[in-house]
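Residue-level structural notes
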Amino acid sequence: MDFRLEEHIEAFREEVREFVDERMSEELEERIYRTGVSHDDDFTGGMAERGWYAAGWPEEWGGAGHDPLEIMAMREELHRRDAPTYSIGTTMMAAKAIMHSGNEELKREILPKALRGEVIIVLGFSEPEAGSDVANAQTRAVRDGDEWVINGSKMFTTNAHIADYVFLLTRSNPDVPKHKGLTTFLVPLKQPGIEVQAVFTLSGERTNITYYTDVRVEDRWRIGEVDGGWRVMTGSLQDEHSGGFGVRLGRLLTEAEDWAREATDDDDEPRIDDPDVRERLARCATEVEVSLLLHRRAAWMFREGMVPEAEGPMNKLFSSEAMERAAQDLCEMVGPDALRSYFDPTAPRGGRIEYALRFSIGTTIYAGTSEIQRNIIASRGLGLPR
Amino acid sequence: VDLRFTDEQQQLIDTFGALYAKQATPERVRAAEPLGFDKALWDQVHEMGVIAMAVDEAAGGWGASPEDLALIAEQQGRAVAPVPVIEAQVAARLLARLGDESSSAALAAALAGERLVTVALHPGRDGRAGLVPAAAVADDAIVLDGDQLLLVPLEGARLAVENLGSMPVADVTIPADAEVLASGPSAAGALDAAVDDFLFLTAAALVGVGARALELGIAYVKERKAWGVPIGSFQSVAHRLADSATALDGARLLAYEAAWAVDEEPARAAELAAMAFVFAYESARDATYRSLHYHGGYGFMMEYDIQLYFRRARAWANVYGEPRKVYRRVADKRYGATGEAG
């Protein structure tokens, strides 16, 4: 056994870290937070220039061919500074679906632009009445000659107000079992019939609800077979489930440790000498270690050609719930001062602990709720009947 | 990163897994209660070299890696096998590190199987060391008393204590004339290093306890029906088992990492050992509770095996300390002792 990351991984990590340090400023971090829009053209442009949009894609697809552990290290460095990469993730999920299932014309038109960071694609899966049960999507697509007419609405289409396309899951056939009547499209957003309405979230992030009224798209924008949308979508989601929050948790821990070294109690003793503070920090540090290990294992399995069917969900489940536990616990540890808001000049550690509490709440909801992750672990990992 | 076992490690797992499956059956485990010691099995594992593996060739052993020892401990945990392997390995490693004449003599006797030597995890108080692991069946215990590390012959100096986990623990009276193995700061340092060994090995054992208990629970909820369906199909049951599977996978990775770090990342080894121990304990504690609970009334019956695991998960860990104490040890290793980190 060897738990050390190989030299080529550490070298790549260093390269990413230098890039992130150079591009991420305190001002940018504050602007992202204040606007709620986790996107910056200069940052994503720099990522594209370096070939990091498709860092993990094979070279014959125009990717950089980095191995899964290098990708993990890259994401760790991006997460460490909360870099604005959300649009890259969604764009590349759609690009992957087009690569696997799109027609040749769509591939030629979209993929080069996606890899160069010239287009933003957002995700239109969830609906007001279909979240975890995403196959229950009701947004209708009705064929009309060589076109489709789309009516419905989508929730949490983050970045839709700055994006070019939405990767849309629609109901093309209401008369068959729900998984068998779905079709996916790449829909240009800048056209009549599409309305984007802002939705603000607890973490400060702006997302959107998008409405589609008699939107017409040519059949050439279809991705995959008619009624074959379920497979197209789940294929693109595979990677999303491998996300972990170990590094963000680690950053929270570092903030809390720095606070404990700086702050003093009524007797002027440093808080880090308080046994209660030490227990809380040590518990968080232990869960950081476990989170990083679970992520490392899932990435290692990918590299070795194994499919981490239950191990990927374990990584997401554990690290997101650890994030929530730690954020709650460390806020309580800091006490009243933890209430001072992110970027308020009076807040300890810039208010990052307060921010972590709000940020953490979403982590067990998006990209598959904890309940969905547990369902997958129970059925595929433990073989329990459904 | 490489999370595969070597061929030799796989062989070790298979060998000890098969041995315990055959020689530490639930019947044998029960037969050894309440003392918690199976002499025939102990002779067998000693013969297989569990003590020799724990110390370097220079000290007369075979020099197996800390990972190898952790893998053996995990198999012991899976069977809740009634043999004090970890205690004897920790004591042997402690004697090997001391390396002086009296320690070497004690180690030689332990390697030869003439004496079973164990170690008290906590310093003695008022001439007495409480709940010393394996002391009910060992010949000698290494005990820190004041600033002296002593080799205490146990014959006539122990009182075996019946306990929750059916462990062969005893309260030990420290005689005035015990042999001194070390004194001064090096004595306390030697015990501290022994505790590190105990923590990473017991972490691996607790992973085995928890993992096997989880298997028993899963098998039961797949079979047992209520309202015409297997109870494992209920999310309230399935989800908590999924949580335990996740925690135990994390605990296993952390225990292996702690073992690996002993030689490969010594600066973090002590911190990781304490982390691994406390996380494995909490994971095994919860897994044994859940698996027992999902057995319904049967889980409460002595006849079902799950209770063997429930009791040992708690006892094997708490004989050293409860979680908050261990988290404070993690903090001591991570930040330095109180007063050093501010």
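Here's a quick rundown of the structure. A quick note: this is a predicted structure, and the numbers were derived from the prediction, not measured.

**A word on the overall build of chain B**
For chain B, the helix and strand inventory stands at 12 helices and 9 strands. Since a compact globule built from 342 residues should have a radius of gyration of about 20 Å, the 20 Å found for chain B is in line with a globular shape. Looking at chain B as a whole, 60% of its 342 residues are labelled buried. Intrachain contacts of chain B at a sequence separation of at least 6 include 72% that bridge at least 24 residues. Element-wise, carbon and sulfur atoms account for 51% of the exposed surface of chain B, whose accessible area totals about 13300 Å². In chain B, 30 side chains carry a positive charge and 47 a negative one; their mean positions are 10 Å apart.

**Quick notes on the sheet that holds strand 7 (residues 179–183) of chain B**
All names here are of chain B. On the basis of which strands lie adjacent, the open sheet formed by 4 strands has the order 1-3-4-7 and mixed pairing. Two strands bound the open sheet, and with one partner strand each, they are strand 1 (117–119) and strand 7. In this sheet, neighbouring strand axes are inclined to one another by 25° on average, regardless of whether the strands run parallel or antiparallel. Two strands pair when backbone bridges link them, and strand 4 (residues 148–153) and strand 7 are joined in this way by 4 bridges, in the antiparallel orientation. Bridge pairing in strand 7 links Leu150 to Val180.

**What to know about a negative patch on the surface**
Residue and element names in this part refer to chain A. A cluster of acidic residues, Asp265, Asp266, Asp267, Asp268 and Glu269, forms a negative patch on the protein surface. Mapped onto the elements, Asp268 comes out in the loop between helix 8 (246–262) and helix 9 (275–303). Assessed through its relative accessible area of 60%, Asp268 is described here as exposed.

**Quick notes on the packing of helix 1 (residues 7–23) of chain A against helix 4 (residues 68–80) of chain A**
Residue and element names in this part refer to chain A. The N-to-C vectors of helix 1 and helix 4 enclose an angle of 30°; their axes lie 9 Å apart at closest approach. When the axis of helix 1 is compared with that of helix 4, the two are roughly parallel. For the element pair helix 1 and helix 4, the recorded crossing hand is right-handed. Within the contact between the two elements, helix 1 uses His8, Ile9, Phe12, Arg13, Val16, Arg17 and Val20 and helix 4 uses Leu69, Glu70, Ala73, Met74, Glu76, Glu77, Leu78 and Arg80. Of the residues assigned to the contact of helix 1 with helix 4, the class counts are 8 nonpolar, 1 polar and 6 charged.

**Quick look at the environment of A:Gly368**
Residue and element names in this part refer to chain A. With respect to the element layout, Gly368 can be found in the loop between helix 11 (352–363) and helix 12 (370–381). Of the residues examined, Gly368 reaches a relative accessible area of 19% and is grouped as buried. Sequence separation between Gly368 and Leu317 is 51 residues; the distance between their C-alpha atoms is 9.1 Å.

**Looking at the sheet that holds strand 2 (residues 128–132) of chain B**
Residues and elements named next belong to chain B. Spatially, 3 strands are ordered 2-6-5 in an open sheet, and the strand pairing comes out antiparallel. For this open sheet the edge positions go to strand 2 and strand 5 (158–160), each flanked by a neighbour on one side alone. Put simply, the sheet's adjacent strands are angled 15° from each other on average, direction ignored. In terms of strand pairing, strand 5 meets strand 6 (residues 170–173) through 3 bridges, oriented antiparallel. Counterpart to Ala160 in the pairing with strand 6 is Ala170.

Definitions and cut-offs
Residues numbered from 1 in each chain as written. Chains lettered and ligands numbered in written order. Predicted model: local features only at pLDDT ≥ 70, side-chain atom pairs only at ≥ 80, totals over all residues. Heavy atoms only, no water. Helix = DSSP H or I, 4+ residues; strand = E, 2+ residues; numbered from the N terminus. Rg over C-alpha atoms; globule rule 2.2 N^0.38 Å. Buried < 20%, exposed > 50% of the residue type's maximum accessible area, 1.4 Å probe, protein only. Contact = heavy atoms within 4.5 Å. Areas by Shrake-Rupley, 256 points an atom, 1.4 Å probe, with all protein chains shown as cover. Lys, Arg positive; Asp, Glu negative; His and termini not counted. Charge placed at Lys NZ, Arg CZ, Asp CG, Glu CD. Pairing = 2+ DSSP bridges. Axes fitted to C-alpha atoms, helices over the stretch in contact; angles between N-to-C directions. Patch = residues over 30% accessible without salt bridge, like charges linked within 9 Å, V, L, I, M, F, W, Y side chains within 5 Å. Salt bridge = Lys/Arg side-chain N within 4 Å of Asp/Glu carboxyl O. Parallel < 35°, antiparallel > 145°, perpendicular 65-115°, else oblique. Left-handed = near helix turned anticlockwise from the far one by under 90°. Nonpolar A, V, L, I, M, F, W, Y, C, P; charged D, E, K, R; others polar.

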